[in-house]
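Listed below, chain by chain, are the residues.
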Amino acid sequence: NLKNKTALVTGASKGIGASIATTLAAEGCNLILIARSKDDLEELKTTIVAKYKIECTYLALDLSAKEDILDLQKKIKTVDILINNAGAIPGGNMLDLNLDTWKNSWDLKVWGYITLTKVFYEKMKVFGNGVIINIIGFAGEKFNADYIAGTSANASLIAFTKAVGSNSLNDGIRVLGVNPGAIATERIKKLDTYKDLNNDQNANKANRLGTVNEIADAVVFLASERASYISGTVINVDGGLISRN
C-alpha cells in the first residue's frame, strides 16, 4: 500500500538495492534511484517503468563526495522513504588492511548513511512524516576480526540507527535498519565458497544463502504503514545466523 509515495534508494543499480527498488515499484511507489553507474540506472529505470507504470528518475552520483551530496540536497525537496544502501567495505584484518582503503570505504557507507539521514531527516521533519531504513550487515553484531573495517562500520551504523530512531517518532519519522545475512548477490556468486553454500540449501536450510528478494520484502514491509509502531530497531534477515554460535 505504497501507491503515490516516493522513495529514494541509494546503491540502486544492482543487487539488494535494485531488488528493493523493484519491490517498492510493485507496491505502487514512485522512485528516485541513486548509484554511480548511469548506464545501470537507465537500464533499471526502463525495466521498472515498463512493468509497473510508476514515476522513476535517477541521478548518477558518488555519495562519498561532498559536492554530490550537496547536489542531491538541492535537487530533491523531500521523499517519503529513504533507503540507505550504497557502499561495500573490503575484507581484511587490522594488519592487512590499508588505512586509506578503510577510510575511503567508510566515506561512502558510514558517512554516506549518516549524511543522507541528517539531510533527509531535516526535510521530512518539515512535513511531519517519513521513513529512513539503513541496510547495514550482520557483521555489526557477529564480530569478525578478518572483516575489521566492515564489522566496525556496521556496529557504528547499528548504534546510530537505534539512537536516532529511539526518538524520531516525535517528529513523525521512523528510523530503522536491516542486517542482511549471507545473501546471494552477484558479488557473492563470484566467490569460491558460493558453490558450497548453494549445494547445502536442501540439506540445511538454515545455512543456505538468502535472496535479494527476501531482503527487499522485509525492507518494503518496514517502509509501509503496516510497520507504523516500529522505530529505533534493526531487523536481522539472516536465517538465524546471528543467533548461532
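Below is a summary of the structure that appears in this document. Quick caveat, the model's predicted, so the values are computed rather than measured.

Parameters and conventions
- Residues numbered from 1 in each chain as written.
- Predicted model: local features only at pLDDT ≥ 70, side-chain atom pairs only at ≥ 80, totals over all residues.
- Heavy atoms only, no water.
- Helix = DSSP H or I, 4+ residues; strand = E, 2+ residues; numbered from the N terminus.
- Rg over C-alpha atoms; globule rule 2.2 N^0.38 Å.
- Buried < 20%, exposed > 50% of the residue type's maximum accessible area, 1.4 Å probe, protein only.
- Contact = heavy atoms within 4.5 Å.
- Areas by Shrake-Rupley, 256 points an atom, 1.4 Å probe, with all protein chains shown as cover.
- Lys, Arg positive; Asp, Glu negative; His and termini not counted.
- Charge placed at Lys NZ, Arg CZ, Asp CG, Glu CD.
- Salt bridge = Lys/Arg side-chain N within 4 Å of Asp/Glu carboxyl O.
- Pairing = 2+ DSSP bridges.
- Right-handed = clockwise from strand over helix to strand, strands pointing away.
- Phe/Tyr/Trp six-rings, centres within 6.5 Å; stacked < 30°, edge-to-face > 60°.
- Axes fitted to C-alpha atoms, helices over the stretch in contact; angles between N-to-C directions.

### Quick look at the overall build of the protein
Link 1 in the chain: Looking only at helices and strands, the protein features nine helices and seven strands.
Link 2 in the chain: Whereas a compact globule of 245 residues would reach a radius of gyration of roughly 18 Å, the protein reaches 17 Å, a difference of no more than 12%.
Link 3 in the chain: With the C-alpha coordinates aligned to their principal axes, the bounding extent of the protein is approximately 45 × 40 × 40 Å.
Link 4 in the chain: Per-residue burial for the protein yields a buried fraction of 47% across its 245 residues.
Link 5 in the chain: For the protein, the proportion of contacts with a sequence separation of at least 24, taken over those separated by at least 6, is 73%.
Link 6 in the chain: When the accessible surface of the protein is summed, it comes to about 12,500 Å², and 51% of that surface belongs to carbon and sulfur atoms.
Link 7 in the chain: The average position of the 28 basic charges and that of the 26 acidic charges among the side chains of the protein differ by 5 Å.

### Quick look at the pattern of salt bridges
Link 1 in the chain: Counted by the stated rule, this structure contains six salt bridges.
Link 2 in the chain: Where Lys75 meets Asp71, a salt bridge forms, and the shortest distance between an N and an O atom there is 3.3 Å. Placement of the pair is Lys75 and Asp71 together in helix α3 (residues 66-75), with a separation of four residues, close to one helical turn.
Link 3 in the chain: In this structure, Lys125 engages Asp171 in a salt bridge whose closest nitrogen and oxygen atoms are separated by 3.9 Å. Separated by 46 residues along the polypeptide, Lys125 in helix α5 (residues 110-127) and Asp171 in the loop between α6 (148-167) and β6 (173-180) bring together distant segments of the chain.
Link 4 in the chain: Since its relative accessible area comes to 22%, Asp171 is described here as partly exposed.

### Some remarks on the pairing of strand β1 (residues 6-10)
Link 1 in the chain: Taken across its five residues, β1 has four buried, putting it largely inside the fold.
Link 2 in the chain: Where β1 and strand β2 (residues 30-35) come together, five bridges link them in parallel fashion. Considered in β2, the bridge of Thr10 is made with Ile34.
Link 3 in the chain: Handedness of the crossover joining β1 and β2 through helix α1 (residues 15-26): right-handed.
Link 4 in the chain: Two elements, β1 and strand β4 (residues 81-84), share three bridges in a ladder whose sense is parallel. Counterpart to Ala7 in the pairing with β4 is Ile81.

### What to know about the packing of aromatic side chains
Link 1 in the chain: Scanning the entire structure with this criterion turns up one aromatic pair.
Link 2 in the chain: Ring geometry for Trp102 against Trp106: centres 6.3 Å apart, planes inclined by 55 degrees, an arrangement best described as tilted. In this pair, Trp102 and Trp106 both sit in helix α4 (residues 99-108), four residues apart, roughly one turn of the helix.
Link 3 in the chain: The class for Trp102 is buried, based on a relative accessible area of 15%.

### Considerations on the sheet that holds β6
Link 1 in the chain: Strands sit in the order β3-β2-β1-β4-β5-β6-β7 across an open sheet of seven strands; the sheet is parallel. Looking along the sheet, the strands with just one partner apiece sit at the ends: β3 (56-60) and β7 (234-237). Taken over all neighbouring pairs, the strand axes of this sheet differ in orientation by 15 degrees on average, direction set aside.
Link 2 in the chain: Packing against the sheet, α6 makes contact with β5 (130-135), β6 and β7, and its axis sits at approximately 155 degrees to β6.

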